[in-house]
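# What the coordinates show
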Amino acid sequence: MGVHNNAHVPKESFPTFLWYAIEFFIVLGAAIGISMNSMGYFQKIGFTEEMTDWIFWGIIGAVFLIYYLIVRNFILKKPILSKI
């Protein structure tokens, strides 16, 4: 059997958008976990069901803002998929 010299080897193992999607779902899972664990505290204080719904989604939004605006830009200081 002969050898072919026309094999295409991509530069990255996954497309770029898959890495961003994986990162997004990891942050989403962490945000939901943090929010679910903190809901017991707010229910003990005496917030109503409607208020705890707003607090739940507010905590998720706060985790996203903190990660994407502060952690990723200032602490990591380097894009995830940058060339070395």
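To keep things clear, this report deals only with the structure shown in the data block. (Residues numbered from 1 in each chain as written. Predicted model: local features only at pLDDT ≥ 70, side-chain atom pairs only at ≥ 80, totals over all residues. Heavy atoms only, no water.)

### Here's the deal with the packing of aromatic side chains
The condition is simple: Planes of paired rings set the category: under 30 degrees apart is stacked, over 60 is edge-to-face and the rest tilted, where pairs are Phe, Tyr or Trp rings (Trp by its six-membered ring) whose centres lie within 6.5 Å.
By the definition in use, this model includes seven aromatic pairs. Taking 5.0 Å as the distance between ring centres and 85° as the angle between the ring planes, the aromatic pair formed by Y67 and Y68 counts as edge-to-face. Within the aromatic cluster, the residues linked to one another by ring pairs are F24, F25, F64, Y67 and Y68.

### As for the nonpolar core
Nonpolar side chains in soluble globular proteins generally cluster together in the buried interior. Inclusion rule: Buried Ala, Val, Leu, Ile, Met, Phe, Trp, Tyr and Cys residues form a nonpolar core when they are joined through side-chain atoms within 4.5 Å. Remark: exposure states derive from per-residue accessible area (1.4 Å probe, protein chains only) relative to the maximum for the residue type, with buried under 20%, exposed over 50%, and partly exposed in between. Numbering of helices and strands runs from the N terminus; a helix is a DSSP stretch of H or I covering at least four residues, while a strand is a stretch of E covering at least two. We call two residues in contact when some of their heavy atoms are within 4.5 Å.
If you look at the biggest cluster of nonpolar residues, it comprises eleven residues: V27, A31, M39, F42, I55, F56, I59, I60, V63, F64 and Y67. Looking at this core, the elements with two or more residues in it are α1 (16-45) and α2 (49-75). In terms of residue count, α2 provides more of this core than any other element does, seven residues in total. Setting aside its immediate chain neighbours within four residues, F64 contacts F24, V27, L28, A31 and L69.

### Section: a nonpolar patch on the surface
The condition that has to hold: Here the term patch refers to residues with relative accessible area over 30% and no salt bridge, with like charges joined within 9 Å and nonpolar side chains (Val, Leu, Ile, Met, Phe, Trp, Tyr) within 5 Å. Per-residue accessibility takes into account occlusion by the displayed protein chains alone, with areas from the Shrake-Rupley method and a 1.4 Å probe. By convention in these notes, a salt bridge is any Lys or Arg side-chain nitrogen within 4 Å of a carboxyl oxygen on Asp or Glu.
A cluster of nonpolar residues, L65, I66, L69, I70, F74 and I75, forms a patch on the protein surface that exposes about 640 Å² of accessible area. Along the chain, I66 falls in helix α2.

### Considerations on the pattern of salt bridges
Across all of its chains, the model carries one salt bridge by this definition. With a shortest N-O distance of 3.0 Å, E23 and R72 are connected by a salt bridge. Placement of E23 in helix α1 and of R72 in helix α2 is noted, with a sequence separation of 49 residues between them. With relative accessibility at 10%, the residue E23 sits in the buried group.

### Overview of α2
The criterion, for reference: Multiply 1.5 Å by the residue count of a helix minus one, and that product is the helix's expected span.
Given a rise of 1.5 Å per residue, 27 residues ought to cover 39 Å, and the 36 Å separating the end C-alpha atoms of α2 matches this to within 8%. Every buried residue belonging to α2 is among T52, I55, F56, I59, I60, V63, F64, Y67 and R72, and all of these are buried. Against the buried residues of α2 lie α1.

### Comments concerning α1
One turn of an α-helix holds 3.6 residues; hence residues three or four places apart share an orientation. Quick reminder of the rule: Here the bend at a residue means the angle between the axes of two seven-residue stretches, the one that ends at it and the one that starts at it.
Compared with an ideal rise of 1.5 Å per residue, which puts 30 residues at 44 Å, α1 spans 44 Å between its outermost C-alpha atoms and is within 8% of the ideal. Maximal helix bending in α1 amounts to about 30°, located at S38. Those residues of α1 that fall on the buried side of the exposure criterion are E23, V27, A31, S35, S38, M39 and F42. Check the buried side of α1 and you find it contacts α2. One or two steps after α1, the chain reaches G46, where phi turns positive at roughly 115°.

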